[in-house]
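Report on the structure
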Amino acid sequence: MEDQNLPHHTSQPPSTEDQNHCTTSDQQLQNLNLPKVLLHGPPGFSSVLQPPYSQKFHLLNPSSLPLHQFAATHPHHCATVAAVLCDGGYPLTLDMLSLLPSLRLVVTASAGTDHVDIDECRRRGIQVAGAGNLFSEDVADLAVALLIDVVMKISAADRSLRKRHVDSRAITLASKVSGKRVGIVGLGRIGLEVAHRLEALECMVSYNSRKQKPFVPYPFYSTVLELATNTNVLVLCCSLNDQTRHIINREVMLALGKGGVIVNVGRGALIDEKQLFNCLMEGEIGGAGLDVFENEPLVDEHFFSLDNVVLSPHAGFSTLDSYLAICQLLGLNLEAFFSNNPLITPVI
Ligand SMILES: O=CC(=O)O
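Residues numbered from 1 in each chain as written. Predicted model: local features only at pLDDT ≥ 70, side-chain atom pairs only at ≥ 80, totals over all residues. Heavy atoms only, no water.

1. Some details on the state of the cysteines
This model, assessed by the stated rule, comprises zero disulfides. Residue cysteine 86 stays outside any disulfide, its sulfur separated by 9.0 Å from that of cysteine 121, the closest cysteine. (Disulfide = S-S within 2.5 Å.)

If you want it as structure tokens, here you go:
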């Protein structure tokens, strides 16, 4: 696979060398009775499964080959793969799943599962485990950091200073974070973490989600349009599905208004990105902080020219602490499944 298709989740820190799928005969003998686990992620992905877990499975690592080519060249392996360990940036579509007739488990190194055909997994009785809440705090921290950066124009001021525009204060008048009316779209674990942080910043939090949450004190709006109408900032924390794709359209952006800011730590396609660019250009909204993009890992370069946009490379979960924790969690999920125990962080 091309380097440019490498995602985010588990591509760092630098990995040990990939395990080659053409194993030596000694290894083959050793592996005979071990469950076959196919690694579906960026080069270096094999390093996410560390000892002792890596020794409990027969790992197949086709990292340089797309899955369908691996299936064509190694049909015997694909016929008996019992589990797939995948990265959030690597899709597992219906077609791909059909190449793996013995598949019983998918473990993904991501909290989001929009890259996996969950309906097909459910239909075939394939269990799925994800990152659970492991990244929630990191992602919430980043969401708030992006919000503060856009509103207070920190990155813009930094760029200005580096260009020796020493009197940059004149052109980078920022606005206050405290007192902002912030609408959170999707009040799951990440959304709640964002809300708690914003309370400390004296923002007024409200939210939209599929259902009103009786246990939270924040005002609920049943549509994103109403939420946008009543807030200065939207923070997108919901998952991507058919109902939420382009949930932030031009109408919502216009409702948010000229000083409005959008922060996205969910998935790129929650926003109609072309309309976002147009609204930013036309001054219909004030700014955006984006950690996720519609065509990841590519970023629409139009955004590079906008000083009121802060960009981050889908890095909400990529602290070293969380990387170490996800490595362990992936192994624990595999081990649980093959010992007939419940998954640690089940999705289905
Ligand atoms: O985007 C990050 C994740 O889904 O874990």
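2. Observations concerning the domain arrangement of the protein chain
Domain parsing of the protein chain yields domain 1 (24-134 + 321-339) and domain 2 (135-311). Taking the mean C-alpha position of each, domain 1 and domain 2 sit 34 Å from one another. Taken together, the contacts link 10 residues of domain 1 with six residues of domain 2. Both faces considered, domain 1 and domain 2 share a buried interface measuring about 690 Å² in area, 48% of it formed by carbon and sulfur atoms. On inspection of domain 1 and its partner domain 2, the count reaches one salt bridge. (Domains from an automatic or database assignment. Contact = heavy atoms within 4.5 Å. Buried area = accessible area lost by both parts, 1.4 Å probe. Salt bridge = Lys/Arg side-chain N within 4 Å of Asp/Glu carboxyl O.)

3. Quick notes on the packing of aromatic side chains
Aromatic ring pairs are reported here in terms of the distance separating the ring centres and the angle at which the planes meet. Applying the stated rule across the entire model yields five aromatic pairs. Ring centres of phenylalanine 277 and phenylalanine 303 lie 6.1 Å apart, and the angle between their planes is 80°; this geometry places the pair in the edge-to-face category. Of this pair, phenylalanine 277 sits in helix H11 (residues 273-281) while phenylalanine 303 sits in the loop between strand E10 (287-290) and strand E11 (309-311); the two residues are 26 residues apart in sequence, bridging distant segments of the chain. For the pair shown, phenylalanine 277 and phenylalanine 303 are each scored as buried. One aromatic cluster is present, built from ring pairs that chain together Phe57, Phe337 and Phe338. (Phe/Tyr/Trp six-rings, centres within 6.5 Å; stacked < 30°, edge-to-face > 60°. Helix = DSSP H or I, 4+ residues; strand = E, 2+ residues; numbered from the N terminus. Buried < 20%, exposed > 50% of the residue type's maximum accessible area, 1.4 Å probe, protein only.)

4. Some words on the nonpolar core
Of all hydrophobic cores here, the largest spans 55 residues; its most connected members are Leu85, Leu147, Ile184, Val194, Leu198, Val235 and Leu334. Here this core takes nine residues from helix H6 (residues 136-152), the largest share from any one element. Both domains that furnish three or more residues to this core are identified here as domain 1 (24-134 + 321-339) and domain 2 (135-311). Among the nonpolar cores identified, the runner-up in size contains 29 residues, and Leu234, Leu276, Leu280 and Ile285 belong to it. (Core = buried A, V, L, I, M, F, W, Y, C linked by side-chain atoms within 4.5 Å.)

5. Let's talk about the pattern of salt bridges
When charged atoms on two side chains of opposite charge get close, those side chains can pair. This model, assessed by the stated rule, comprises 12 salt bridges. A salt bridge links arginine 122 to aspartate 119; the shortest N-O distance between them is 3.6 Å. Here arginine 122 and its partner aspartate 119 are both found in helix H5 (residues 118-124), three residues apart, which amounts to about one turn of the helix. Between arginine 123 and glutamate 120 there is a salt bridge, with the nearest N and O atoms lying 2.9 Å from each other.

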